[in-house]
Amino acid sequence: MSDITKQWFEKEKFGMFIHWGLYAVLAGEYKGKRTDHIAEWIMNTFDIPVEEYEKLAEQFNPRDFDADDIVKKAKEWGMRYLVFTSKHHEGFAMYDSKADDYNVVKKTPYGKDILRQLSEACEKYGIRFGIYYSQAQDWHDPNGLAANYDNSAKDYQYYLDHKVKPQLRELFTEYGKISLIWFDTPMSTTPEQSRELVELVKSLQPDCVVSGRIGNGLGDYITTGDNTIPRLPYGKNAWEIPATINDTWGYSKYDHKWKSADELIRLLLKAISRGGNCLLNVGPDAMGRIPEECTAILDEVGAYVRNNAEAIYDTKITAVYPYELDWAEFTHREHKLYVHILKPKSIIELLNIANRVTRAYLVEDGRECKVKYEKTCEGDAYIAVTLPEELWDRKNYCICLETEEAEPVFEEI
Ligand code: FHN
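Every chain's residues receive numbers from 1 upward, in the order its sequence appears when written. Where local features are concerned, this predicted model is filtered to residues with pLDDT of at least 70; where side-chain atom pairs are given and counted, the filter is 80 or more; whole-chain, interface and lining totals use all residues.

As a further point, take the overall build of the protein chain. Of the regular secondary structure elements, the protein chain holds eleven helices and 17 strands. For 413 residues, the compact-globule formula gives about 22 Å, and the C-alpha radius of gyration of the protein chain, at 23 Å, lands near that figure. A principal-axis box enclosing the C-alpha atoms of the protein chain has dimensions of 70 × 40 × 40 Å. Using C-beta atoms placed from the backbone, we call a residue buried if 20 or more other C-beta atoms fall within 10 Å of its own, exposed if 12 or fewer do, and partly exposed for counts in between. By residue count, 47% of the 413 residues in the protein chain fall in the buried class. Contact criterion: two residues are in contact if their C-beta atoms, reconstructed from the backbone, are within 7 Å. Looking at the protein chain alone, contacts between residues at least 24 apart form 71% of all its contacts between residues at least 6 apart. Strands are runs of DSSP state E lasting at least 2 residues, helices are runs of H or I lasting at least 4, and numbering of each runs from the N terminus. Each radius of gyration reported is based on C-alpha atoms, and the globular scaling rule is 2.2 Å times the count of residues to the power 0.38.

The structure is reproduced here in structure tokens:
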């Protein structure tokens with residue numbers, strides 16, 4: 001692991017993942033059968049022949065796609081970086097690849113470079129641009145790997161040399177600054193092969209952050225399992241949780257299992273508090289639209305992030321508070337402990353926090369709150385903050401406790 005993540009990655013905390021490819025045309029259904037797996041895997045799940053799957057490109061014409069609007073929304077939602085699937089496991093490039101014709105410009109009636117539009121919009125709105133690239137799995141290329149299939153007859157090294165490296169070279173030389181490369185599912189990639197890809201990336205853009213899924217421990221940070229968060233603070237290395245808003249990454253017309261804004265706010269706060277980042281996914285449909293339910297949820301999450309920005313970006317990993325609180329999460333920076341209040345409360349009582357609080361205020365508008373110190377029945381520290389009456393029925397806001405000490409002092413029970 002390197003220190004390169006300190007330049008921006010560890011500070012920015014919240015990013016947008018976009019999974020978009022030909023699978024959006026099938027939208028989770030093939031020949032009248034609905035997939036029980038994530039929608040972008042439909043080719044693999046239903047064993048769809050290459051020649052048949054390729055034809056989906058003829059139907060790909062996302063007239064409603066508006067890169068500017070998506071990136072503008074990402075900015076409003078407080079996302080500071082964006083990672084787009086330049087090529088997912090299906091093997092189809094969402095940009096104008098000279099190295100391989102199986103791409104959105106050459107094969108679809110749409111004919112425009114999606115990746116370029118997103119990279120330009122990111123530049124315009126000051127969002128860091130990242131690329132997802134499936135380096136091992138490629139279900140279109142005869143030598144690309146495929147999970148659940150026998151890969152023994154494939155020449156994986158040939159595929160790396162003749163498709164992956166040329167495509168990475170064009171991605172890293174023709175699309176401006178790439179802040180992050182999100183490799184995925186390394187499968188049988190050897191340490192030497194992973195190293196070659198990292199070296200290629202760094203030779204072209206030395207400051208680019210490489211995801212842990214390059215494999216063989218060669219990433220700049222750790223990518224946790226999908227939707228899987230460390231239970232305790234983890235500060236040994238930078239890390240990121242990739243998370244879905246429903247159950248799938250690519251668009252599925254059947255998946256309405258949307259997480260609530262409350263759940264996502266809590267997930268984001270847990271990730272930040274435990275020292276990580278959260279990369280939250282959207283899967284546009286075949287027309288290029290982010291589903292309305294998803295947008296509505298992100299509007300709520302985004303409002304939280306915007307109103308409480310000082311308690312989110314560039315905050316530090318927070319030690320384990322000894323009590324389980326279903327109504328709060330903590331984040332902190334020097335001399336400030338942020339109490340994120342996620343359920344309605346009229347007074348907040350915090351046991352076993354031995355800091356001297358100099359001031360308490362509501363982060364969203366700076367309003368001061370009254371602080372009282374007492375002792376618990378056992379003689380431990382006890383802080384009570386009386387909240388303004390207008391907040392008693394509200395959830396999802398944050399109180400900052402300014403403290404004499406730089407770090408939170410959580411006492412043992
Ligand atoms: O197989 C992929 C999956 O389709 C999706 O891209 C996720 C995102 O983290 N990564 C792999 C599974 O972990």
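Here the focus is the site of the ligand. As used in this record, a residue near a molecule or strand is one whose C-beta atom, placed from the backbone, is within 6 Å of it. Around the ligand, the neighbouring residues are I38, E40, W41, D184, T185, D226, P242 and W249. Just so you know the grouping, Ala, Val, Leu, Ile, Met, Phe, Trp, Tyr, Cys and Pro go in nonpolar, Asp, Glu, Lys and Arg go in charged, and all remaining residues, Gly too, go in polar. Classifying every residue of the shell around the ligand gives four nonpolar, one polar and three charged.

Another aspect to go through is the domain arrangement of the protein chain. Quoted interface sizes are often the accessible area lost when the parts come together. The domain limits used here are those given by an automatic or database domain assignment. On domain assignment, one finds that the protein chain holds domain 1 (4–311) and domain 2 (328–403). Each of domain 1 and domain 2 has a C-alpha centre, and these two points are 38 Å apart. Listed by partner, the interface residues are twelve residues for domain 1 and eleven residues for domain 2. For the side of domain 1 that touches domain 2, the secondary structure elements donating two or more residues are α10 (261–273) and α11 (292–307). Broken down by element, the residue count for the side of domain 1 that touches domain 2 peaks at seven residues, all from α10. Considering only residue class, the side of domain 1 that touches domain 2 consists of five nonpolar, three polar and four charged.

With that out of the way, let us pick up the nonpolar core. Ranked by internal contacts, the top residues of the largest apolar core, which has 117 residues, are L82, V83, V339 and I399. In terms of domain composition, this core takes at least three residues from each of domain 1 (4–311) and domain 2 (328–403). Not counting the four nearest positions on each side in its chain, V83 is found in contact with G15, F17, G130, I131, Y132, L180, W182 and L279. The nonpolar core criterion groups buried Ala, Val, Leu, Ile, Met, Phe, Trp, Tyr and Cys residues into a set whenever they are joined through C-beta atoms within 7 Å.

In this section: the environment of R63. Its place among the elements puts R63 in the loop between α4 (50–54) and α5 (67–76). The spatial distance from the C-alpha of R63 to the C-alpha of A309 is 34 Å, given a sequence separation of 246 residues.

Turning to the packing of α10 against α11, a few remarks are in order. Packed helices, taken two at a time, are described by their axes: the angle between them and the distance between them. Here, axes are lines fitted to C-alpha atoms. For helices the fit covers the stretch in contact, and angles between N-to-C directions go from 0 to 180 degrees. At a minimum axis separation of 9 Å, α10 and α11 run at an interaxial angle of 45 degrees. On the basis of their axis angle, the class for α10 and α11 is oblique. When you trace α10 past α11, the crossing you get is right-handed. Each of A261, L264 and I265 in α10 lies in contact with α11, whose residues at this interface are I297, E300, V301 and Y304. Classifying every residue of the contact of α10 with α11 by side-chain character gives six nonpolar, no polar and one charged. Any angle that is under 35 degrees is reported as roughly parallel, and any over 145 degrees as roughly antiparallel; angles of 65 to 115 degrees are reported as roughly perpendicular and all others as oblique. Take the far helix as your reference; a near helix turned counterclockwise from it by less than a right angle gives a left-handed crossing, and one turned clockwise gives a right-handed crossing.

Once that is clear, we can look at the packing of α5 against helix α7 (residues 114–125). At a minimum axis distance of 9 Å, the contact between α5 and α7 shows a crossing angle of 45 degrees. Considering their axes alone, α5 and α7 lie oblique with respect to each other. Read as a crossing pair, α5 and α7 show a hand that is right-handed. Of the residues in α7, those in contact with A67, D68, V71, K72 and K75 of α5 are Q117, L118, A121, C122 and Y125.

Moving on, we come to the sheet that holds strand β14 (residues 357–362). What makes two strands pair is DSSP finding at least two bridges between them. A sheet is described by the order of its strands in space; here seven strands give the open sequence β11-β12-β17-β14-β15-β16-β13, paired in antiparallel fashion. Whereas interior strands pair on both sides, the edge strands pair on one side only; in this sheet they are β11 (328–333) and β13 (347–351). Taken pair by pair, the neighbouring strands of this sheet meet at an average axis angle of 25 degrees, ignoring direction. With six bridges joining them, β11 and strand β12 (residues 336–341) adopt antiparallel strand pairing. Bridging from a neighbouring strand, H332 pairs with L337 of β12.

Here we come to α7. Compared with the 16 Å implied by 1.5 Å per residue over twelve residues, the 17 Å span of α7 between its first and last C-alpha is a close match. Structurally, α7 contributes buried residues whose contacts are with α5, β4 (81–87), α6 (104–107) and β5 (128–133). Multiply 1.5 Å by the residue count of a helix minus one, and that product is the helix's expected span.

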